[in-house]
Amino acid sequence: MTTSEFQLPTYLAIPYQGFPRETPEDRIYLKIEGGDELEVATIATLNMWATVYLEVPKRYIGKKARLIANAASNKQYIAVGTPFSVPQSVYIANTALAPRLLIIFFTWSVLSIVGLIAADFATRGKISKDPVPWSLIGIGVFGVASFCLINLSGGFFPAAMAFLFTAVLARIWWIYRTEPSHLFRLLDVLAKPALVWLAVSILYSVLTTTIDNGGGSWAVNGMFSPARWSSDNQLPFWFAEGLYNATKPQEIVWGPWLASDRTPLLTDLLLIPRATVLACLAPYLGSTFVPIGYMAAGITILSLWAAVLTWLAKKAGCRNLAIFLLVTLTSPFVMFNTVYTWPKILGATYAVLAFSAAFYSDDEPRWLHLVAISACFAFLSHASNAFALVPILFAFLPAIFGAGIGTIAFASLCAVALASPWFIWQHLYQPNGDVLLRYALTGDFGFESRGQGMLPDVLKTYRTLGFDGWMTAKISSIKLLLGIDNSAISFPEMALSQSDTLGRQRVLDFFVLSRALGISMFGILLIWASSISRIAAAAATVGFFGIVITTLTTLSQPIVHQLPYGSILLLIFAGAFAVANSNRFALISICAIGLLYYSIVWVADPMSRALRLNFDYSTLTATMASIAILLSVLRSQQQTKKTTPEVLDRSSKQETEQGTNSD
């Protein structure tokens, strides 16, 4: 397909869809007078439209050009729309970091303020002495509230959110006016995890903005090609947009997939920036900025793991928080699953919170309520985390029963109450959203079997497989988990035609658990070889059994994205904690090797393959500011003694180190 000639403007927009660069012959490019070619995009968008925004090199401005879309391989298709000129403001909005920073900072600020209100409620009501975990619970509750509001208020959702924000800010102002010392004590405890969360959000957004291969909000899907994915990261955006635009719930579907096939917490939280800052910016920056804004907000929300792991590492007595953060940040698993905005790592964050509440049960008067609600949010983020929660339940079963029937019942009731809006929505509008569970238990999505009993299909699958077939599959699974036999890795969405030595490493890091853990894998080996820490050993054990349970009870391949992310994040925490607390020689050696590998395979190589690098003053400033934030947090950590959250219990002046030294 070739367009007629047109004169190249300074800024050019080109709509497209399909599979450019699926093979070397499948291309979208500009043929410029004089014979030069300018590649437009290499990101597959499947059957969805995306728009590429180009700043035409000065030497080509004003020259004649044709847009050519060539699907020469005949394996996939490519479609293009009419190229058109755009003003500089629209180009910057869709390619530069600065507009995304606005979304990031707004999303982080709103959720941080919500967390502050929840922390005040918990410490004031003597629910907890530690404000951090309950601030995270507050964020989840706010997400559930947004889901309820948008379904009940209809077109008045933006006004309802504005009223809710006003009430939250009024409450902050009232605390400041009446009890400023209490407010500042809360801020002192919450600030460090929150600032690490902000810095991580910005750093990951810098990477995803700098590498430009086209695709808009699809950019991350093929950014680390040949490791890539399809539309899973778009589904939370589409669901949120459907709810925001008051689409009939029965019509929020994508082919055979229902919105109810996946749990909604990330979508719930995305509705907050959508109804506020995105609604204000979209009329000025164009409709294509909306998915870009969703992506920026999604990365911010998913980076919440940084706050949880920072808090937990500090509470557990991590000797070198800088190394701990370095190890977690450079994990291929953590990085990819934060920038690829599907909700799995959000569920993992709440699963880790549930584990920490159970482990430090002596420190929390309402620890079982915290466990139950965290487990609820882990499930509402992604249902596969149920497999991660099972070993947590069994590991702390004596403590749970020791809490008493009344406490267990009330904690369970809290969790059910928070999950019930989603269950009601499923039942009323999209029942039988069970294809992912069916796939896990039978190896078949069974779209045509919705509404039919699953047990007969499970029994039929196992009868066909037989014991020998089951054993063969499980042995193959163990080899795959350990990276011993990678021949089983076959997934049609990998861009194998683009594979080379470094590209294949990303594919293995994407699929194989032992590779995805990154430097943490060395730390896990240190845990099981020595007694570094009780909490690290507990986290590694619980995470390990979550993987084992999933592998034994499901028939899907145990590749990373089909495992419970809560279990994987527990393993990463344990490994990073062990590395940070190891002797200096082991620490330096492990970190140097891991950082070099990550820098080459996951940063330098994708940047070297990029069609364009969007690196301007805002990118440099944001990078330096994020590093400065992290350094300031680490310096304050070194200069001050560990201060336990018990200082927030104003009814008691006892200052004990039981929480931070319990390990």
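All of the points below concern the structure found in this document.

Here we look at a nonpolar patch on the surface
Step number 1: The grouping of Phe615, Leu620, Met624, Ile627 and Leu631 at the surface amounts to a nonpolar patch, some 500 Å² of accessible area in total.
Step number 2: Take Leu620: it is sitting in helix H26 (residues 617-639).

Things to note about helix H2 (residues 98-124)
Step number 1: Compared with the 39 Å implied by 1.5 Å per residue over 27 residues, the 38 Å span of H2 between its first and last C-alpha is a close match.
Step number 2: After H2 finishes, the residue Lys126 shows a positive phi value of roughly 55 degrees.

Re empty space enclosed by the protein
Step number 1: Going through the model one piece at a time under the given rule, you end up with three cavities of 30 Å³ or more.
Step number 2: Quantified by volume, the second largest cavity comes out at close to 60 Å³.
Step number 3: Contributing to the lining of the second largest cavity are Pro332, Phe333, Phe336, Asn337, Trp342, Asp509, Phe510, Ala516, Val560, His561, Tyr565 and Trp602.
Step number 4: Taken together, the elements giving at least two residues each to the lining of the second largest cavity come down to helix H12 (332-339) and helix H20 (501-511).
Step number 5: Top contributing element to the lining of the second largest cavity by residue count: H12, with four residues.
Step number 6: Residue composition of the lining of the second largest cavity, by class: nine nonpolar, two polar and one charged.

Considerations on unusual backbone geometry
Step number 1: Omega for the peptide link from Ser225 to Pro226 comes to 15 degrees, which places this bond in the cis form.
Step number 2: Tracing the backbone shows Pro226 in the loop between helix H6 (219-223) and helix H7 (235-244).
Step number 3: We note that Asn432 has phi near 65 degrees; this positive angle belongs to a residue other than glycine.
Step number 4: Looking at the secondary structure, you find Asn432 in the loop between helix H17 (405-429) and helix H18 (435-442).

Brief notes about the sheet that holds strand S3 (residues 26-32)
Step number 1: Strand order in the open sheet formed by four strands is S1-S6-S3-S4, with antiparallel pairing between adjacent strands. Where the open sheet ends on each side, the last strands, each with one partner, are strand S1 (6-7) and strand S4 (37-39).
Step number 2: Sheet topology note: the S3/S4 ladder contains three bridges and is antiparallel. The partner of Leu30 across the bridge, within S4, is Leu38.

Considering the layout of surface pockets
Step number 1: Of the pockets and cavities examined, the second largest pocket occupies roughly 650 Å³.
Step number 2: If you go around the second largest pocket, you meet 21 residues; those closest to its centre are Leu203, Leu329, Tyr598, Thr623 and Ile627.
Step number 3: The class makeup of the residues in the lining of the second largest pocket is 17 nonpolar, four polar and no charged.

Observations concerning the environment of Tyr284
Step number 1: Within the secondary structure, Tyr284 sits in helix H8 (residues 265-285).
Step number 2: Along the sequence, Tyr284 and Tyr244 sit 40 residues apart, while their C-alpha atoms lie 19 Å from each other.

Description of the pattern of salt bridges
Step number 1: Here the structure, examined in full by the defined rule, presents 18 salt bridges.
Step number 2: Note that Glu39 and Arg27 form a salt bridge whose closest N and O atoms lie 3.2 Å from each other. Taken together, the positions of Glu39 in strand S4 and Arg27 in strand S3 put the pair twelve residues apart, joining distant regions of the chain.
Step number 3: We classify Glu39 as buried; its relative accessible area is 13%.

Brief notes about the packing of H2 against helix H9 (residues 289-302)
Step number 1: Their axes nearest at 9 Å, the elements H2 and H9 cross at an angle of 45 degrees. Considering their axes alone, H2 and H9 lie oblique with respect to each other. Here the hand of the crossing between H2 and H9 comes out right-handed. Touching Pro99, Arg100, Ile103, Ile104, Thr107, Trp108 and Leu111 of H2 are Phe289, Ile292, Gly293, Met295, Ala296, Ala297, Thr300 and Ile301, all from H9.
Step number 2: Per-class residue counts for the contact of H2 with H9 are eleven nonpolar, three polar and one charged.

A short note on the nonpolar core
Step number 1: Within the largest apolar cluster, 181 residues are counted, with the highest numbers of intra-cluster contacts made by Tyr204, Trp305, Phe324, Tyr350, Phe355, Phe377 and Ile568.
Step number 2: Residues contacting Tyr204, with those up to four places away along its chain left out, are Ile299, Ser303, Trp305, Thr328, Leu329, Val334, Met335, Thr338, Val339 and Tyr598.
Step number 3: Judged by nonpolar contacts, the second largest core, of 22 residues, contains Leu12, Ile32, Val56 and Val80.

Some words on the pairing of strand S6 (residues 64-71)
Step number 1: Examined bridge by bridge, S1 and S6 share two bridges and lie antiparallel to one another. Within S6, the position partnered with Gln7 by the bridge is Lys64.
Step number 2: Sheet topology places S3 next to S6; seven bridges connect them, and they run antiparallel. Counted as the bridge partner of Asp26 is Ala71 from S6.

Thoughts on the packing of aromatic side chains
Step number 1: For the structure shown, the criterion picks out 38 aromatic pairs.
Step number 2: The interplanar angle of 80 degrees and the centroid separation of 6.4 Å between the aromatic rings of Tyr176 and Phe184 together place this pair among those described as edge-to-face.
Step number 3: Judged by its relative accessible area of 38%, Tyr176 falls in the partly exposed class.
Step number 4: Consider the rings of Phe336 and Tyr340, whose centres lie 5.2 Å apart with planes at 15 degrees: the pair is stacked. In this structure, Phe336 and Tyr340 share a single accessibility class: buried.
Step number 5: Grouped by ring-pair contacts, the aromatic residues Phe224, Trp229, Phe333, Phe336, Tyr340, Trp342, Phe510, Phe511, Tyr565 and Trp602 constitute a single cluster.
Step number 6: When the ring centre of Tyr29 is taken as reference, the NZ or CZ atom of Arg27 above it lies at 4.0 Å.
Step number 7: One residue, Lys315, lies across the ring of Tyr360, its end atom 4.9 Å from the ring centre.

Examining the side chain of Thr208
Step number 1: Looking at the element boundaries, Thr208 is found in helix H5 (residues 180-210).
Step number 2: A distance of 3.1 Å separates the side chain of Thr208 from the backbone oxygen of Ser205, its partner in a polar contact.
Step number 3: Ignoring any residue separated from it by four or fewer positions in sequence, one finds Thr208 in contact with Arg100, Val220, Met223, Ile299 and Val339.

What about the side chain of Ser374?
Step number 1: Counting through the fold element by element, Ser374 comes out in helix H14 (residues 367-381).
Step number 2: Taking the relative accessible area as the measure of exposure, Ser374 reaches 0% and is therefore buried.
Step number 3: With residues up to four places along the chain from it excluded, the contact list for Ser374 reads Ile137, Tyr350, Leu353 and Ala354.

Let's talk about the packing of H14 against H17
Step number 1: For the pair H14 and H17, the least separation of the axes is 8 Å and the interaxial angle reads 25 degrees. Here H14 lies roughly parallel to H17, going by the angle between them. The handedness of the crossing between H14 and H17 comes out as right-handed. Touching Leu368, His369, Ala372, Ile373, Cys376, Phe377, Phe379 and Leu380 of H14 are Thr407, Ile408, Phe410, Ala411, Cys414, Ala415, Leu418, Ala419, Trp422 and Phe423, all from H17.

Rules and cut-offs
- Residues numbered from 1 in each chain as written.
- Predicted model: local features only at pLDDT ≥ 70, side-chain atom pairs only at ≥ 80, totals over all residues.
- Heavy atoms only, no water.
- Patch = residues over 30% accessible without salt bridge, like charges linked within 9 Å, V, L, I, M, F, W, Y side chains within 5 Å.
- Areas by Shrake-Rupley, 256 points an atom, 1.4 Å probe, with all protein chains shown as cover.
- Salt bridge = Lys/Arg side-chain N within 4 Å of Asp/Glu carboxyl O.
- Helix = DSSP H or I, 4+ residues; strand = E, 2+ residues; numbered from the N terminus.
- Expected span 1.5 Å × (residues − 1).
- 1 Å grid on protein atoms, 1.4 Å probe; cavity = no way out; pocket = protein on both sides within 12 Å on 5 of 7 lines; lining within 4 Å.
- Points joined across faces, edges and corners; volume = space filled by probe spheres on them.
- Nonpolar A, V, L, I, M, F, W, Y, C, P; charged D, E, K, R; others polar.
- Pairing = 2+ DSSP bridges.
- Buried < 20%, exposed > 50% of the residue type's maximum accessible area, 1.4 Å probe, protein only.
- Axes fitted to C-alpha atoms, helices over the stretch in contact; angles between N-to-C directions.
- Parallel < 35°, antiparallel > 145°, perpendicular 65-115°, else oblique.
- Left-handed = near helix turned anticlockwise from the far one by under 90°.
- Contact = heavy atoms within 4.5 Å.
- Core = buried A, V, L, I, M, F, W, Y, C linked by side-chain atoms within 4.5 Å.
- Phe/Tyr/Trp six-rings, centres within 6.5 Å; stacked < 30°, edge-to-face > 60°.
- Lys NZ or Arg CZ within 6 Å of the ring centre and 35° of its normal.
- Polar contact = N/O pair within 3.5 Å; in protein donor to acceptor, adjacent residues only side chain to side chain.

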